[in-house]
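Inside the fold
This is what each chain is made of:
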There are 2 protein chains.
Amino acid sequence: MFELEESLKPWVKGLKPYVPGEMVEGKLKLASNENGYGASPKVVERVREAASRIHVYPYKDAVVQRKIAQYTGVDAKNIVLGNGSDELITLLITAFRGPVLGQHPSFAEYRLVSQILGQEYVEAPLDAGFSFNVEAYLEKKKEANLFFLCNPNNPTGTKIKRKDLIRVLNEGKPTVVDEAYAEFMNQDSVELLASYDNLIVLRTFAKSFGLAGLRLGYSISSPEIADALKKVKPPFNVNVLAQEAALAALDDIEYMRQSVSEIKKQRQTLFMEIAKKYRPTESWANFILFDVSPKKAGDVYQRLFEEGVIVRCFGEFKGFRGQYLRVTVGTRKQNQKFIEALKKT
Amino acid sequence: MFELEESLKPWVKGLKPYVPGEMVEGKLKLASNENGYGASPKVVERVREAASRIHVYPYKDAVVQRKIAQYTGVDAKNIVLGNGSDELITLLITAFRGPVLGQHPSFAEYRLVSQILGQEYVEAPLDAGFSFNVEAYLEKKKEANLFFLCNPNNPTGTKIKRKDLIRVLNEGKPTVVDEAYAEFMNQDSVELLASYDNLIVLRTFAKSFGLAGLRLGYSISSPEIADALKKVKPPFNVNVLAQEAALAALDDIEYMRQSVSEIKKQRQTLFMEIAKKYRPTESWANFILFDVSPKKAGDVYQRLFEEGVIVRCFGEFKGFRGQYLRVTVGTRKQNQKFIEALKKT
């Protein structure tokens, strides 16, 4: 009769699902790097208008691609849309041969998706202060066929120097630079596409544009890589309202810039407040990683939770000293609530 | 330097992307089996209310699972949500070992996704009238580890007899029954779950509930299979507005039943009208496949297009006689427009 384990691919049994940031109604969630200022009111309005057309399959991919191309300064043929940039990570590891090389610590999805797709995952450590260690990374290069970088890096918030990025690109391997938080950094890698046809940049509407719930990410790459990704892409992966929201968001870039600018100011305040008590890492994203040792991260997390604030608990990073939590930079009011709670830890 | 082809998995180069039904503004599209009556007004209202929360990651999976479980008469632990049932097809072929066995003709995604994931795909022909040929199917059983059936079958609209389905299930192989159109058939396979832990039923909100644009499908299976699928599932695959829409849709099942009942009446009318000129296949779904030979399907398609109606053109099915088009059963008014256009072909 039916034996489930024998029917599954051999590596599936041992997989551990991704654990999303906790969400409890009534508590302030600063765990998933959402944008506390929300989407532009014009985006919300457009979504409401389009709500009567939800019975129709999405059909505006080409229009959205063109609009994103304008925003990022490339051509529509360089853009592929995903159900969040998460899906593009999956499509990349589906299309390209592994093993996959990432940094440690970094975004957990690169490892998880590699494992799900039966691809080996290797990683190179950041240096002790969580800066990118290009030597350590290139030491692993022979073991991998697909490179992942995250810039600024999640969950550390650190950024990669342009010259280090170029050294990695010069290896000629397909190199994904996940720039989910690029708008908070005033810098991106898109211009390098002109010189590096092995570069794939990932971006998203989730963070700076405040559209996390609608799921829309995109890749920017050579048209040839874009075509390869389209071959492995499901046909209706981006929903109609995400398409409408993206179009409206790109009609109101000023709203995004103001919210990003405010969050960057808040980031500075938050950093200084955290530094009064713990050791924050300088961040180029909309979150701050901080070390609470010799306290246990789990204990501080719990205390914050009791005070009504949910942050992300990482605890120890293997091979690193310290006990880490990550907090999203929220609105002024949200951050104030977090700071008050932090004082009680 | 960088050689794209060498970096891709060997089978990716030869893939052909899925071609969705054409969509031209101003033309009546009866090509993708959308529900012309649209979503319930209560669903649209709920989506509008929720539009201000699109900056927050989806977090109602558990609530939606429970509500679907009530609707389908199972437990929440039997349910897995997907970005359309399309995504569940991908998750199944990601988790289970191939080769994959399907019918021919049937929904193109089973083959496409198998190819994308590097799994062999074999298929067994339907009989000459497009009924399920259980003997032909079981003849291929040794070549496959994962079975796909589609009931009613897309694009033929034909259904599988319960006793044939049971014969397939008795083989003890993981068996996916894609019931995207189940509500139009007055019959589903969910009750067989009690006896067959190798059964996975796929359902969707796209068709009967009119939510194609929001992308929400689900699987119903043993809790053990559901757990395996969750291990390969991306964390935020279903967007917030799809979650809200599903909850509202299941609060207004009566709307869905009325729209389905009307479409079934219309299906009967449409069948008789098509039969005056061509050879329709009896359908249990919200579409009708019809043979226009000795005319060429492409010519009839083009003529309909000129009259402002877009249908789906299949042409010849390899191994079968005839020239086939598929038309979605729309609203009374839409169908009338199609019938008028058909007279001019």
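For clarity, every value in this text was computed on a predicted model and none was experimentally measured.

Definitions and cut-offs
Residues numbered from 1 in each chain as written. Chains lettered and ligands numbered in written order. Predicted model: local features only at pLDDT ≥ 70, side-chain atom pairs only at ≥ 80, totals over all residues. Heavy atoms only, no water. Buried < 20%, exposed > 50% of the residue type's maximum accessible area, 1.4 Å probe, protein only. Helix = DSSP H or I, 4+ residues; strand = E, 2+ residues; numbered from the N terminus. Pairing = 2+ DSSP bridges. Contact = heavy atoms within 4.5 Å. Buried area = accessible area lost by both parts, 1.4 Å probe. Salt bridge = Lys/Arg side-chain N within 4 Å of Asp/Glu carboxyl O. Polar contact = N/O pair within 3.5 Å; in protein donor to acceptor, adjacent residues only side chain to side chain. Nonpolar A, V, L, I, M, F, W, Y, C, P; charged D, E, K, R; others polar. Arc of directions from axis to C-beta. Least-squares fit on C-alpha atoms with pLDDT ≥ 70 in both. Domains from an automatic or database assignment. Expected span 1.5 Å × (residues − 1).

1. Focus on the pairing of strand 3 (residues 100-104) of chain A
Residues and elements named next belong to chain A. Of all five residues that make up strand 3, five are buried, and the element is covered over most of its length. Every second residue of strand 3 is oriented toward a common face, with Val-100, Gly-102 and His-104 on one face and Leu-101 and Gln-103 on the other, all of them buried. Relative to strand 4 (residues 121-125), strand 3 runs parallel, the two sharing five bridges. If you follow Leu-101 over to strand 4, its bridge partner there is Val-122. Pairing analysis gives two bridges linking strand 3 to strand 5 (residues 146-150), with the strands arranged parallel. When the bridges of strand 5 are listed, Leu-101 appears paired with Phe-147.

2. Some words on unusual backbone geometry
Looking along the chain, the bond that leaves Asn154(A) and enters Pro155(A) is cis, with omega of 15 degrees. When you line up the elements, Pro155(A) lands in the loop between strand 5 and helix 7 (162-169). Asn151(B) connects to Pro152(B) through a cis peptide bond whose omega is -5 degrees. Along the chain, the position of Pro152(B) falls in the loop between strand 5 (146-150) and helix 7 (162-169). One non-glycine residue, Arg215(B), lies in positive phi territory at about 70 degrees. With respect to the secondary-structure elements, Arg215(B) resides in the loop between strand 7 (199-204) and strand 8 (217-220). Of the residues examined, Arg215(B) reaches a relative accessible area of 3% and is grouped as buried.

3. Observations concerning the interface of chain B and chain A
Each side of the interface is counted separately: chain B has 71 residues, and chain A has 70 residues. Counting each side, the surface lost to burial between chain B and chain A is near 6,200 Å², with a carbon and sulfur contribution of 64%. Broken down residue by residue, the surface that chain B buries against chain A is led by Phe2(B), Tyr57(B) and Lys231(B), which jointly contribute 12%. Taken together, chain B and chain A are joined by zero salt bridges. Counting across the interface, chain B meets chain A through 31 residue pairs in polar contact (both at pLDDT 80 or more). Listing elements by their share of the side of chain B that touches chain A, those giving two or more residues are helix 1 (4-7), helix 2 (41-50), helix 4 (85-95), helix 5 (108-116), helix 8 (223-232) and helix 9 (240-250) of chain B. Here the element with the most residues in the side of chain B that touches chain A is helix 8 of chain B; it accounts for six residues. Looking at side-chain class alone, the side of chain B that touches chain A contains 37 nonpolar, 16 polar and 18 charged residues.

4. Comments concerning helix 11 (residues 297-306) of chain B
Residue and element names in this part refer to chain B. Those residues of helix 11 lying buried are Ala-297, Val-300, Tyr-301, Leu-304 and Phe-305. With its buried residues spanning 140 degrees around the axis, helix 11 presents them on a single face. Of the surrounding elements, those touching the buried residues of helix 11 are strand 11 (309-310), strand 12 (312-315), strand 13 (324-328) and helix 12 (332-343). Gly-308, located one to two residues past helix 11, shows a positive phi value of around 95 degrees.

5. Describing the relation of the copies chain B and chain A
When chain B is fitted to chain A, the residual RMSD is 0.0 Å, and the transformation amounts to a turn of 180 degrees plus an axial shift of 0.0 Å. Expressed as an axis order, the relation between the two copies is that of a two-fold axis. Across chain B, the smallest distance between a C-alpha and the rotation axis is recorded for Arg48(B), namely 2.4 Å. Taken as a fraction of all interface residues of chain B, those also at the interface in chain A reach 99%, which identifies the copy contact as same-surface.

6. Observations concerning the environment of Asn198(B)
Topologically, Asn198(B) is positioned in the loop between strand 6 (175-178) and strand 7. Relative accessible area serves as the criterion here: at 1%, Asn198(B) is assigned to the buried category. Sequence separation between Asn198(B) and Thr175(B) is 23 residues, and the spatial gap between their C-alpha atoms is 6.0 Å. Residues in contact with Asn198(B), not counting those within four places in the same chain, are Phe2(A), Leu169(B), Gly172(B), Lys173(B), Pro174(B), Thr175(B) and Ile225(B). In terms of polar contacts, Asn198(B) uses its side chain to reach the backbone carbonyl oxygen of Lys173(B), at 3.0 Å.

7. What to know about the pattern of salt bridges
Where side chains of opposite charge bring their charged atoms close, a pairing between them can arise. Within the structure shown, the criterion is met by 51 salt bridges over all chains. Of the charged contacts in the structure, one is a salt bridge between Arg203(A) and Glu179(A), with a shortest N-O distance of 3.7 Å. Of this pair, Arg203(A) sits in strand 7 (residues 199-204) while Glu179(A) sits in the loop between strand 6 (175-178) and strand 7, and the two are 24 residues apart along the sequence. Across this residue pair, the class does not change: Arg203(A) and Glu179(A) are buried. Two residues, Glu34(B) and Lys29(B), come together in a salt bridge whose shortest N-O distance is 3.1 Å. The pair Glu34(B) / Lys29(B) is uniform in exposure class, with both members buried. Via salt bridges that share partners, Arg46(A), Arg53(A), Lys60(A), Lys67(A), Glu244(A) and Asp251(A) belong to a single interconnected network.

8. A few points about the domain arrangement of chain A
Residue and element names in this part refer to chain A. By domain assignment, chain A separates into domain 1 (4-38 + 254-342) and domain 2 (41-252). Computed over C-alpha atoms, the centres of domain 1 and domain 2 are 21 Å apart. At the interface, 31 residues of domain 1 touch 37 residues of domain 2. Carbon and sulfur atoms supply 66% of the area buried between domain 1 and domain 2, which totals about 2,700 Å² over both sides. Counting the surface domain 1 buries against domain 2, the share from its top three residues, Met-256, Trp-284 and Phe-320, is 26%. Counting across the domain 1 and domain 2 interface gives zero salt bridges. The interface formed by domain 1 and domain 2 includes 13 residue pairs in polar contact (both at pLDDT 80 or more). Looking at the side of domain 1 that touches domain 2, the elements that each hand over two or more residues are helix 10 (253-275), strand 10 (287-291) and strand 13 (324-328). Examining the composition of the side of domain 1 that touches domain 2, we find that eight residues originate from one element, helix 10, more than from any other. Counted by class, the side of domain 1 that touches domain 2 contains 15 nonpolar, eight polar and eight charged residues.

9. Observations concerning helix 10 (residues 253-275) of chain B
Residues spaced three or four apart along an α-helix point in a common direction, a consequence of the helix completing one turn every 3.6 residues. Residue and element names in this part refer to chain B. Between its first and last C-alpha, helix 10 extends 33 Å over 23 residues, near the 33 Å set by a 1.5 Å rise per residue. When helix 10 is considered as a whole, its buried residues turn out to be Ile-253, Met-256, Ser-259, Val-260, Glu-262, Ile-263, Gln-266, Arg-267, Leu-270 and Ile-274. Buried residues along helix 10 sit against helix 3 (61-72), helix 9, strand 9 (279-280), strand 10 (287-291), strand 13 and helix 12.

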